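Structure at a glance
One letter stands for each residue in the lines below.
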Amino acid sequence: MSNSTPPTFPPSATMEVLISKEQIAERVAAIGKQISADYAGHSIVLIGVLKGAAIFLSDLARAIEVDNTFDFVAVSSYGRARVSSGAVKLIKDIDNPIEGKHVIIVEDILDTGLTLSYLRGLMLQHKPASLKIATCLDKPERRLVPIEADYVAFSIPNQFVIGYGMDYAERYRGVEDIRLFPDEAVGH
Ligand code: IMP
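As annotated in an unreviewed UniProt entry, the protein is Hypoxanthine phosphoribosyltransferase from Granulicella aggregans. Per UniProt, the protein carries the Cofactor (unreviewed entry) text "Mg(2+)". The annotation that UniProt attaches to the protein under Pathway (unreviewed entry) is "Purine metabolism; IMP biosynthesis via salvage pathway; IMP from hypoxanthine: step 1/1."

Given below as structure tokens:
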């Protein structure tokens, strides 16, 4: 094995921290507070997009003071963040009806916008009382379709990240900080 061959999955500890777990906790608390104020007196349904948003949703649900339940959807993603075919397919639908309910879709990253614009359209067909979007990260530079989130924890440049639920080839989801995945390791 040559030293010049990059490891397939470099250890997360070698990757630069873009957003620390303390910074994440602070922003999640702030968004929880904002949502609690915006929906005071109402119940809300959080719909997490599997699998990336699972950790953000679990923290956010505990930071929200108004009555909330949660559900999950899963979509297929082609090419992940790098190249997208533009095709998004629903793999798992919501378990419970959301008609007449206040719904917030919870996503890990708003990137090209294809996933969320597809999901937003789909959820609107269920006739919720209201529909908003919360995302942990926003990469505005990468947008292919016009869509914005109502709650954004962090806006970041066009860099591939892992941790806090986000993966590279299913790895690193349990990493506590959000770290920059090295460009040279992509695709190996
Ligand atoms: P979009 O449809 O391009 O907005 O896709 C968003 C999805 O791509 C996210 O939910 C992530 O699963 C994935 N994604 C985008 N950027 C990254 C990244 O930097 N790291 C890990 N996953 C990413």
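A short note on helix α1 (residues 21-38)
Helix length check: α1, at 18 residues, gives a terminal C-alpha distance of 25 Å against a target of 26 Å (1.5 Å per residue), a fit within 8%. Considered for burial, the residues of α1 that qualify are I24, V28, I31, G32, I35 and S36. Summarising the axial view, the buried residues of α1 lie within an arc of 140°, below the 170-degree limit, and thus occupy one face. Seen from the open side of α1, the exposed residues pointing more than 90 degrees away from its buried face are E22, E26, K33 and A37. Among the structural elements, β1 (17-19), β2 (44-50), α2 (54-63), β5 (102-110), β7 (151-155) and β9 (178-180) are those in contact with the buried residues of α1.

Things to note about the pairing of β2
Taken across its seven residues, β2 has six buried, putting it largely inside the fold. Of the pairings in the sheet, the one linking β2 to β5 comprises five bridges and is parallel in character. Looking across to β5, one finds that G48 is bridged to V106.

Criteria and thresholds
- Residues numbered from 1 in each chain as written.
- Predicted model: local features only at pLDDT ≥ 70, side-chain atom pairs only at ≥ 80, totals over all residues.
- Heavy atoms only, no water.
- UniProt positions renumbered as here; feature names shortened; annotations may be inferred.
- Helix = DSSP H or I, 4+ residues; strand = E, 2+ residues; numbered from the N terminus.
- Expected span 1.5 Å × (residues − 1).
- Buried < 20%, exposed > 50% of the residue type's maximum accessible area, 1.4 Å probe, protein only.
- Arc of directions from axis to C-beta.
- Contact = heavy atoms within 4.5 Å.
- Pairing = 2+ DSSP bridges.

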